[in-house]
Amino acid sequence: MKLIPKARPVRIRISSGGVEHSTLDSLKRHFDVSAIIPMINDGRLLRWLRQRGESAVAEMIESADEIKDTDVLKIFFPELKECKSELDMITK
């Protein structure tokens, strides 16, 4: 019997809010912007999103020139795009 090696995908660990996440919904429930920004900067979040089949979200992150906290919130929570100020975001 001849064994053929198969490559397994590398498991990328994403944790936010003190919880490790395996789905985008889980990440949204325990969303912590201060934990997400460094993962965007080192590219880990983009690879994780593509691995999960969330390439549309990954493309929105890539297309942004400079990522600020409010931009990240608007990407992950599209219902906040209509908010004009940070106060509107907080109340929503």
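Structure: above.
Residues numbered from 1 in each chain as written. Predicted model: local features only at pLDDT ≥ 70, side-chain atom pairs only at ≥ 80, totals over all residues. Heavy atoms only, no water.

### Some points on the packing of aromatic side chains
Worth spelling out the cut-off: Here the aromatic set is Phe, Tyr and Trp, taking the six-membered ring for Trp, and pairing holds for ring centres within 6.5 Å; pairs whose planes are under 30 degrees apart are stacked, those over 60 apart are edge-to-face, and all others are tilted. Only DSSP runs of H or I with at least four residues qualify as helices, and only runs of E with at least two residues qualify as strands; both kinds are numbered from the N terminus onward. When accessible area is computed with a 1.4 Å probe and restricted to protein chains, residues below 20% of their type maximum are described as buried, those above 50% as exposed, and intermediate ones as partly exposed.
Scanning the model with the defined rule gives two aromatic pairs in all. Pairing Phe31 with Phe76 gives two aromatic rings, centres 5.1 Å apart and planes at 50 degrees, and the pair type is tilted. Placement of Phe31 in the loop between helix H1 (24-29) and helix H2 (33-41) and of Phe76 in helix H5 (residues 69-76) is noted, with a sequence separation of 45 residues between them. Phe31 gets classed as buried once you look at its relative accessible area, which sits at 19%. Where Phe31 meets Phe77, the ring centres are 5.2 Å apart and the plane angle is 80 degrees; that geometry is what we call edge-to-face. Taken together, the residues span a long stretch of sequence, with Phe31 in the loop between H1 and H2 and Phe77 in the loop between H5 and helix H6 (86-91) at a distance of 46 residues. The same class applies to Phe31 as to Phe77, namely buried. Among the aromatic residues, ring-to-ring pairing joins Phe31, Phe76 and Phe77 into one connected group.

### So, the nonpolar core
Counted only if it meets this: Nonpolar cores were defined as sets of buried Ala, Val, Leu, Ile, Met, Phe, Trp, Tyr and Cys residues, with membership established by side-chain atoms within 4.5 Å. Two residues form a contact once any of their heavy atoms are found within 4.5 Å.
Counting 23 residues, the largest nonpolar core has Leu27, Phe31, Ile36, Leu45, Leu49, Ile61 and Phe76 as its most contacted members. Broken down by secondary-structure element, the contributors of at least two residues to this core are H1, H2, helix H3 (44-51), helix H4 (55-63) and H5. Counting residues per element, this core draws most heavily on H2, which supplies five residues. Excluding residues that lie within four positions of it along the chain, Leu45 makes contacts with Ile14, Leu27, Ile36, Met39, Ile40, Ile61 and Phe76.

### Thoughts on the packing of H2 against H5
Where we set the bar: Angles run from 0 to 180 degrees between N-to-C directions of axes, and those axes are lines fitted to C-alpha atoms, restricted for helices to the stretch in contact. In this scheme, roughly parallel covers angles under 35 degrees and roughly antiparallel covers those over 145, while 65 to 115 is roughly perpendicular and the rest are oblique. Charged means Asp, Glu, Lys or Arg here, nonpolar means Ala, Val, Leu, Ile, Met, Phe, Trp, Tyr, Cys or Pro, and polar covers whatever is left, Gly included.
Across the interface, H2 lies against H5 with an axial gap of 10 Å and an inter-helix angle of 90 degrees. When the axis of H2 is compared with that of H5, the two are roughly perpendicular. Contact residues: Val33, Ile36, Ile37 and Ile40 in H2; Asp69, Val72, Leu73 and Phe76 in H5. Looking at the contact of H2 with H5, its residues break down into seven nonpolar, no polar and one charged.

### Section: H4
Heads up, the condition is: Working definition: the arc comes from the directions between the helix axis and the C-beta atoms, pointing outward to the latter.
Among all positions of H4, only Val57, Ala58 and Ile61 are buried. Viewed end-on, H4 has its buried residues packed into an arc of 100 degrees, placing them on one side of the element. Facing away from the buried side of H4 by more than 90 degrees, the exposed set consists of Ala56 and Ser63.

### Quick notes on the side chain of His21
Let me state the cut-off plainly: Definition of a polar contact: a pair of N or O atoms within 3.5 Å, with one able to donate and the other able to accept a hydrogen when the atoms are protein atoms, and with sequence-neighbouring residues admitted only if both atoms are side-chain atoms.
Take His21: it is sitting in strand E2 (residues 19-21). A distance of 3.0 Å separates a polar atom in the side chain of His21 from the backbone oxygen of Val19. What His21 contacts, discounting residues up to four positions off in sequence, is Ile14, Ser15, Ser16, Ser26, Leu27, His30 and Trp48.

Everything listed here is a matter of coordinates, which is why it stays silent on function.
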